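Report on the structure
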Amino acid sequence: MIPNPVPIPQPVCPVCRSPLRDTAADARPGSVDAAQDPAGCAGCGAVYPRLYGILDLRPDRTPSAWDDADRETADVLAAAFSAATYSELVALQQSRRRESEVRGMRAHYTGYLLGQEDRSRSMVDGFHAGLDRIFPGGPAGAALDLGCGSGAGLAALAGMYGAVVGLEPGLSNLILAKKALESLPGARVLLIRGVGQALPFGDGAFGYVQMQNVIEHVLDADPVVDETRRVLAAGGRFAADSRNRYDLFRREPHVHLRGVGFLPVRWQKPYVWFRKRIRYEQTRLWSYGELKRILKRRFGKDFRIVFPVLAAYGQSGYLDRWVRRVGRIPCLGGLLLRFFPSHWVFTCKR
Ligand SMILES: [Zn+2]
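Bear in mind the structure is a predicted one, so any value in this text is a computation, not a measurement.

1. Describing the overall build of the chain
Helices and strands together make up the secondary structure of the chain, namely 12 helices and 12 strands. By residue count, 51% of the 350 residues in the chain fall in the buried class. For the chain, restricting intrachain contacts to residue pairs at least 6 apart in sequence, the fraction spanning at least 24 positions comes to 71%. On the chain, roughly 15,900 Å² of surface is accessible, and the fraction owed to carbon and sulfur atoms is 56%. Distance from the positive charge centre (48 side chains) to the negative charge centre (34 side chains) of the chain: 8 Å.

Next up, the structure:
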């Protein structure tokens with residue numbers, strides 16, 4: 001079913017939230033056009049660059065080693081874009097990551113990314129089933145995939161919402177997202193380079209915001225939750241998954257080590273380096289209690305932290321039935337949730 005189109009929310013200046021000039025030629029999903037016309041802010045006069053048709057609306061664009069490496073990878077992907085398949089581009093991107101980031105896990109990450117579209121679709125379905133149970137409403141307005149990565153969630157959202165925005169800080173990921181959208185020529189999807197701490201959209205621009213596999217890479221969650229709430233319309237809904245810091249069952253998913261989260265946060269980085277020689281810079285798992293504090297601050301009582309649907313992680317449905325049964329047992333259910341591998345979070349803006 002193709003949803004009724006709604007207007008795509010127009011990006012604004014992430015600093016002063018004034019309208020932008022020259023956004024007309026915006027990203028055409030499925031092609032890396034060479035458009036490089038910057039967009040200027042009508043309020044504060046800031047100028048935002050555009051690369052491969054994608055506007056860069058990060059408030060802070062100070063050059064960094066990460067940025068340079070990402071830009072070089074994006075250039076390589078863009079050069080290969082039209083001749084390569086999505087899988088080939090993903091493999092190309094992963095082949096360019098530094099050894100200190102992947103250390104023996106390159107094939108694991110590549111395989112993970114290639115399986116993501118199916119998992120992402122199950123997760124989007126699971127998110128909406130969960131939301132409808134707790135905050136009934138059904139899809140409405142435009143959707144924002146906050147931290148859309150290589151675009152796995154965008155296709156599922158485009159089948160549900162009349163307009164979709166994918167926002168992501170990494171340019172090479174956005175090139176992959178463009179490729180992922182190539183198979184959906186009619187989809188109304190806008191790709192924006194930006195950060196969750198300063199969303200380049202006006203208040204109430206979205207009916208739905210989601211974060212898939214993102215919260216654990218947000219080091220300062222409070223401003224991101226503030227911004228998420230701001231861009232939600234009244235009655236708008238937010239869903240996210242979060243890998244649990246205090247997970248008793250599984251290894252830390254990014255570095256395959258047990259028990260990292262039980263260490264104080266400042267010891268985690270040196271411990272991972274000592275054990276695996278992997279830089280653990282951009283990951284910080286949140287516990288049930290930490291998530292609760294972050295959400296309560298902004299959403300008051302209008303949030304729930306629940307068991308995930310394990311089928312969305314490729315696990316058998318049998319496990320889900322078992323978890324649901326144990327989850328209903330008083331005390332034991334709450335205890336299991338606190339030490340379960342992941343959480344799903346649902347909120348609604350009243
Ligand atoms: Zn401005």
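2. Section: the packing of aromatic side chains
Scanning the model with the defined rule gives 7 aromatic pairs in all. Summarising the aromatic geometry, the rings of Phe127 and Phe346 are spaced 6.3 Å apart at their centres and angled 90 degrees between planes, so their arrangement reads as edge-to-face. Of this pair, Phe127 sits in helix H5 (residues 116-134) while Phe346 sits in strand E12 (residues 342-348), placing them 219 residues apart in sequence. With respect to burial, Phe127 and Phe346 carry one shared label: buried. Centroid distance Phe307 to Phe340: 5.0 Å. Interplanar angle 90 degrees. Geometry classified as edge-to-face. Of this pair, Phe307 sits in the loop between strand E11 (303-306) and helix H11 (317-327) while Phe340 is found in the loop between helix H12 (332-338) and E12, placing the two residues 33 residues apart along the sequence. An aromatic cluster is built from Phe127, Trp344 and Phe346, whose rings are joined through pairwise contacts.

3. Some details on the sheet that holds strand E1 (residues 20-21)
The strand order across the open sheet formed by 3 strands is E1-E2-E3, and the pairing between neighbours is antiparallel. Two strands bound the open sheet, and with one partner strand each, they are E1 and strand E3 (47-48). Bridge analysis of E1 against strand E2 (residues 39-41) gives 2 bridges, and the strand direction is antiparallel. Considered in E2, the bridge of Arg21 is made with Gly40.

4. Considering the pattern of salt bridges
Under the definition given, this model contains 21 salt bridges. For Asp222, the salt bridge identified is with Arg297, shortest N-O distance 3.5 Å. Of this pair, Asp222 sits in helix H8 (residues 221-231) while Arg297 sits in helix H10 (residues 288-299), and the two are 75 residues apart along the sequence. Arg298 is paired through a salt bridge with Asp226; the nearest N and O atoms lie 3.0 Å apart.

5. With respect to unusual backbone geometry
Although it is not a glycine, Tyr52 adopts a positive phi angle of roughly 50 degrees. Mapped onto the secondary structure, Tyr52 falls in the loop between strand E4 (50-51) and strand E5 (54-56). One non-glycine residue, Cys331, lies in positive phi territory at about 65 degrees. Within the secondary structure, Cys331 is located in the loop between H11 and H12. A residue is classified by how much of its surface remains accessible, and Cys331, at 71% relative accessible area, is exposed.

6. Overview of the pairing of strand E8 (residues 189-193)
The buried fraction of E8 is high, at 5 of 5 residues. Burial of E8 is two-sided: the residues Val189, Leu191 and Arg193 facing one way and the residues Leu190 and Ile192 facing the other way are all buried. By the bridge criterion, 2 bridges tie E5 to E8 in an arrangement that is parallel. Each residue of the ladder has a partner; that of Asp56, found in E8, is Arg193. Of the strand pairs in this sheet, strand E7 (residues 164-168) and E8 are connected by 5 bridges, and their pairing is parallel. Each bridged residue has a counterpart across the sheet, and for Val165 the counterpart in E8 is Leu190. Taken together, E7, helix H7 (residues 171-180) and E8 form a β-α-β motif whose crossover is right-handed.

7. Concerning H10
The end-to-end C-alpha distance of H10, which contains 12 residues, comes to 16 Å, matching closely the 16 Å that a straight helix rising 1.5 Å per residue would cover. Among the residues making up H10, those that are buried are Tyr288, Glu290, Leu291, Ile294, Leu295 and Phe299. Relative to the axis of H10, the buried residues are bounded by an arc of 165 degrees and lie together on one face. Residues of H10 that are buried make contact with H8, strand E10 (232-243), E11, H12 and E12. Once H10 ends, the next one or two residues include Gly300, with phi positive near 60 degrees.

8. Observations concerning the coordination of the zinc ion
Looking at the zinc ion, one finds its protein donor set to be Cys13 (SG), Cys16 (SG), Cys41 (SG) and Cys44 (SG), positioned 2.2 to 2.3 Å from the metal centre. Its 4 donor atoms give the zinc ion angles of 95 to 118 degrees at the centre, a pattern that matches the tetrahedral case. Positions of the donor residues of the zinc ion along the chain correspond to the pattern C-x2-C-x24-C-x2-C.

Calculation criteria
- Residues numbered from 1 in each chain as written.
- Predicted model: local features only at pLDDT ≥ 70, side-chain atom pairs only at ≥ 80, totals over all residues.
- Heavy atoms only, no water.
- Helix = DSSP H or I, 4+ residues; strand = E, 2+ residues; numbered from the N terminus.
- Buried < 20%, exposed > 50% of the residue type's maximum accessible area, 1.4 Å probe, protein only.
- Contact = heavy atoms within 4.5 Å.
- Areas by Shrake-Rupley, 256 points an atom, 1.4 Å probe, with all protein chains shown as cover.
- Lys, Arg positive; Asp, Glu negative; His and termini not counted.
- Charge placed at Lys NZ, Arg CZ, Asp CG, Glu CD.
- Phe/Tyr/Trp six-rings, centres within 6.5 Å; stacked < 30°, edge-to-face > 60°.
- Pairing = 2+ DSSP bridges.
- Salt bridge = Lys/Arg side-chain N within 4 Å of Asp/Glu carboxyl O.
- Right-handed = clockwise from strand over helix to strand, strands pointing away.
- Expected span 1.5 Å × (residues − 1).
- Arc of directions from axis to C-beta.
- Donors = N, O, S within 2.8 Å, 3.2 Å for Na, K, Ca; no water.
- Tetrahedral: all angles 85-135°; square planar, octahedral: opposite > 155°, others 65-115°.

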